[in-house]
Amino acid sequence: MNNCSVVEKIRNNGEQEIEKIYKANRDEFLSWARRNFSCSFDDAKEVYQQSIVIFYENIMSGKITEFRSQVKTYLFAIGKNKLLESIRDKNRVQSMEDENIIENIDLFSFDEEHEQNLVLVEQAISKLGDPCRKLLQQYYYHKKSMADIAELMDYKNADTVKNLKYKCLQRLKKLFNQELNAINREES
Amino acid sequence: MRPEEEDIQLIENYLSGTLDENDQRMIESRLTEDAEFSKRMDAYNILIKGIRISGRKDLIQHLQQLENDLESNETKATKTRKLFPRGLYYLAASVALIAVMIFYIFGGPGHDVQQLAEAYYEPYPATVYITKRSPEEKTAELTNAEEAFHLYQAGDYDKSIQLFEGLSVEDQDEYTRFYLASAYQAIGEFDKAIVLYEGLIEMHGIFKSQSQWYMALCYLFKNDIDASRNVLKRLSTSTDSYGPKALKLLNDIQN
């Protein structure tokens, strides 16, 4: 498979391509991780899933535009870093949260209030429901364009999506404020 | 565009670092002077971050579901294998060989390489380790490695894999790695077997030819004819008994 086209395929057809890559490299990765890092099967699986997610996010955010080596080599390099990291620091969930996802958006330090607000946003997102939740995730997490989302979610055109995205964001903001007010009322 | 919508766009561009220098400076000065704008920036920053985290969690959940499906399929495959004791494998291999021969005799169109692999494949006999033991040693309690070999010999590949995998680094050697690979191959875990065979080939040890032969069969089972052919070509120059076998299989593949 042409490595350059892999980037395009993932960008155009994210989850399906990621599934293929996941299946194609899984057994080899798990054996390799267990042999070289003496980790359990469950730990190896967890690291593999994290590596796949980072791999996906790097492609969708444009950090990777082409591969100089094979997909497998790149994936194993991420895995190796994660395995070494997990040996150094067992608190893998935190380390994963800290890197990558935050990107340039991470302008504020991780204080307690910030963490609490993130939990409230997550609660608000779960109340938001589809199609808003899916639309916002497609735009902000999967980095899809308005036109792509229109096609994917069967909307008339990019302008419709843009308008809907604004409304969804406003709804999310409102739900978030409701969650925040509820917490403040409980505390006072 | 609504004023707040414009602000959202500006904030998004600022946060993603896609603003030019002038706009960047303008935003920074507005952030210090306009408390309302600064508050809005904080709010959207946290919302966007929350959306991304929820997106990531959904992706991880999706992968976990995929993982569960794969594991469930593996379990089913293992159970199917267990239904066929080793004797039946030989029987199946013989039947497959006859089928291949009939195919050749009647000049059928393009044979199935997997069927060819079945015809050539026989689990490697677990004789090497056992014959190493002296009669006195045979009375001693079995070590995990020995137990694993016995289970392999009895055709209980799953249990033998568990024991081989659980061996400490000191207890692992060429023998245990080779039989672990063979056990994986016997239950149809070809990718796992291939990784182990590759390591053994690189070692240039006593199982090099065997590893090449069985790895070539793994590739055939996986329908990867090119990879199988490459391995067989290298093996065909070998002076041991595997050289002629490799040459014969190569010919069969090419026909």
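K.L.:
Provide a residue-level description of the overall build of chain B, including the pertinent values.
P.N.:
Regarding its fold elements, chain B presents 14 helices and 0 strands. Listing each helix as α and each strand as β along chain B from the N terminus yields α-α-α-α-α-α-α-α-α-α-α-α-α-α. Going through the 255 residues of chain B one by one, you find that 44% of them count as buried. Partitioning the intrachain contacts of chain B with sequence separation of at least 6 by distance along the chain shows that 53% fall at a separation of at least 24. Here chain B has roughly 13,300 Å² of accessible surface; of this, 53% comes from carbon and sulfur atoms.

K.L.:
An account of the pattern of salt bridges is needed here, citing residue identities and associated values.
P.N.:
Once their charged atoms are close, side chains differing in charge can pair, the charge on each being opposite to the other. This model, assessed by the stated rule, comprises 19 salt bridges over all chains. Put simply, arginine 26 of chain A and glutamate 67 of chain B hold a salt bridge, and the shortest N to O gap is 2.6 Å. Remark: glutamate 67 of chain B occurs in helix α3 (residues 35–82) and arginine 26 of chain A occurs in helix α1 (residues 3–37); the pair is interchain, linking two chains. Across the salt bridge formed by lysine 192 of chain B and glutamate 189 of chain B, the nearest N and O atoms sit 3.9 Å from each other. For glutamate 189 of chain B, a relative accessible area of 12% puts it in the buried group. Each of the salt bridges in this network shares a partner with another, and the network as a whole consists of Arg26 and Asp27 of chain A together with Glu67 of chain B.

K.L.:
An account of the side chain of glutamate 179 of chain A is requested, with residue identities and associated values reported.
P.N.:
Locating glutamate 179 of chain A in the fold gives a position in helix α8 (residues 158–187). Discounting chain neighbours no more than four positions away, the residues touching glutamate 179 of chain A are Leu120, Gln123, Ala124 and Lys127 of chain A.

K.L.:
Before we move on, could you go through the confidence of the model for chain B and cite the residues and values that matter?
P.N.:
Residues and elements named next belong to chain B. Per-residue pLDDT for chain B averages 79, and the proportion of residues at 70 or more is 77%. Within the model, pLDDT remains below 50 along residues 106–110, and this stretch shows 3 contacts once partners closer than five positions in the same chain are excluded. Segment residues 131–135 is flagged for pLDDT under 50; beyond a separation of four residues in sequence, or across chains, it makes 7 contacts in the model. Across the predicted assembly, pTM comes out at 0.55 and ipTM at 0.81.

K.L.:
Account for the state of the cysteines, naming residues and giving values.
P.N.:
Residue and element names in this part refer to chain A. In this structure the tally under the stated criterion is 1 disulfide over all chains. Residue pairing for cysteine 132: its cysteine sulfur links by disulfide to cysteine 168, the two sulfurs lying 2.1 Å apart. When the S-S torsion is -75°, as for the bridge of cysteine 132 with cysteine 168, the disulfide is left-handed. Here cysteine 168 lies in helix α8 and cysteine 132 lies in helix α6 (residues 132–140), a separation of 36 residues in the sequence. Relative accessible area serves as the criterion here: at 7%, cysteine 132 is assigned to the buried category.

K.L.:
I'd love a proper account of helix α14 (residues 242–254) of chain B, names of residues and values included.
P.N.:
Side chains that are three or four residues apart share a direction in an α-helix, a result of its 3.6 residues per turn. Between the first and last C-alpha of α14 of chain B there are 18 Å, a value that for 13 residues agrees with the 18 Å anticipated at 1.5 Å per step. When α14 of chain B is considered as a whole, its buried residues turn out to be Tyr242, Gly243, Ala246, Leu249, Leu250, Asp252 and Ile253 of chain B.

K.L.:
Break down the packing of aromatic side chains for me, citing the residues and quoting the values.
P.N.:
Residue and element names in this part refer to chain B. Counting across every chain of the model gives 28 aromatic pairs over all chains. Measuring from centroid to centroid gives 4.9 Å for tyrosine 124 and phenylalanine 178, while their planes differ by 90°, and the two rings are edge-to-face. In this pair, tyrosine 124 is assigned in the loop between α5 (113–120) and α6 (128–132) and phenylalanine 178 in helix α10 (residues 174–186), connecting sequence segments 54 residues apart. Both residues of the pair, tyrosine 124 and phenylalanine 178, belong to the buried class. Between tyrosine 175 and phenylalanine 207, the ring centres sit 5.5 Å apart and the planes meet at 85°, which makes this aromatic pair edge-to-face. Here tyrosine 175 is found in helix α10, whereas its partner phenylalanine 207 is found in the loop between α11 (190–203) and α12 (208–221), with 32 residues between them in sequence.

K.L.:
Please provide a residue-by-residue account of the layout of surface pockets, values included.
P.N.:
In this structure, the largest pocket occupies an estimated 730 Å³ of space. Lining the largest pocket are 20 residues, and of these Ala24, Asn25, Glu28, Gln70 and Lys72 of chain A sit closest to its centre. Taken together, the elements giving at least two residues each to the lining of the largest pocket come down to α1 and α3 (71–88) of chain A together with α11 of chain B. The leading source of residues in the lining of the largest pocket is α1 of chain A, at 9 residues. Considering only residue class, the lining of the largest pocket consists of 8 nonpolar, 3 polar and 9 charged.

Criteria and cut-off values
- Numbers given for residues are sequential positions, taken from 1 along each chain in its written order.
- Lettering of chains starts at A and numbering of ligands starts at 1, both following the order in which they are written.
- Selection of residues for local features in this predicted model requires a pLDDT of at least 70, selection of side-chain atom pairs for listing and counting requires 80 or more, and totals for whole chains, interfaces and linings are taken over all residues.
- Based on all heavy atoms of the structure, the side-chain values leave hydrogens and waters out of the count.
- Think of it this way: any DSSP run of H or I at least four residues long counts as a helix, any run of E at least two long counts as a strand, and we number them from the N terminus.
- Think of it in three bands: with a 1.4 Å probe and only protein chains considered, a residue is buried below 20% of the maximum accessible area for its type, exposed above 50%, and partly exposed in between.
- In what follows, residue pairs with any heavy atoms lying within 4.5 Å of each other are defined as contacts.
- Method for areas: the Shrake-Rupley scheme with a 1.4 Å probe, in which residue coverage is limited to the protein chains shown.
- Each reported salt bridge corresponds to a side-chain nitrogen of Lys or Arg within 4 Å of a carboxyl oxygen of Asp or Glu.
- Per residue, pLDDT measures the predictor's confidence, with a range of 0 to 100.
- Criterion for a disulfide: a pair of cysteine sulfur atoms within 2.5 Å.
- Multiplying one less than the number of residues by 1.5 Å gives the expected span of a helix.
- To pair, rings of Phe, Tyr and Trp, with the six-membered ring standing in for Trp, must have centres within 6.5 Å; the planes then decide the type, stacked if under 30 degrees apart, edge-to-face if over 60, and tilted in the middle.
- Computed over the protein atoms alone on a 1 Å grid, cavities are sets of points where a 1.4 Å probe fits but cannot get out and pockets are open sets with protein on both sides within 12 Å along at least five of seven lines; a residue lines them when it has an atom within 4 Å of a point.
- Grid points are joined across faces, edges and corners, and a volume is the space filled by probe spheres set on the points.
- The classification used treats Ala, Val, Leu, Ile, Met, Phe, Trp, Tyr, Cys and Pro as nonpolar, Asp, Glu, Lys and Arg as charged, and all other residues, Gly among them, as polar.

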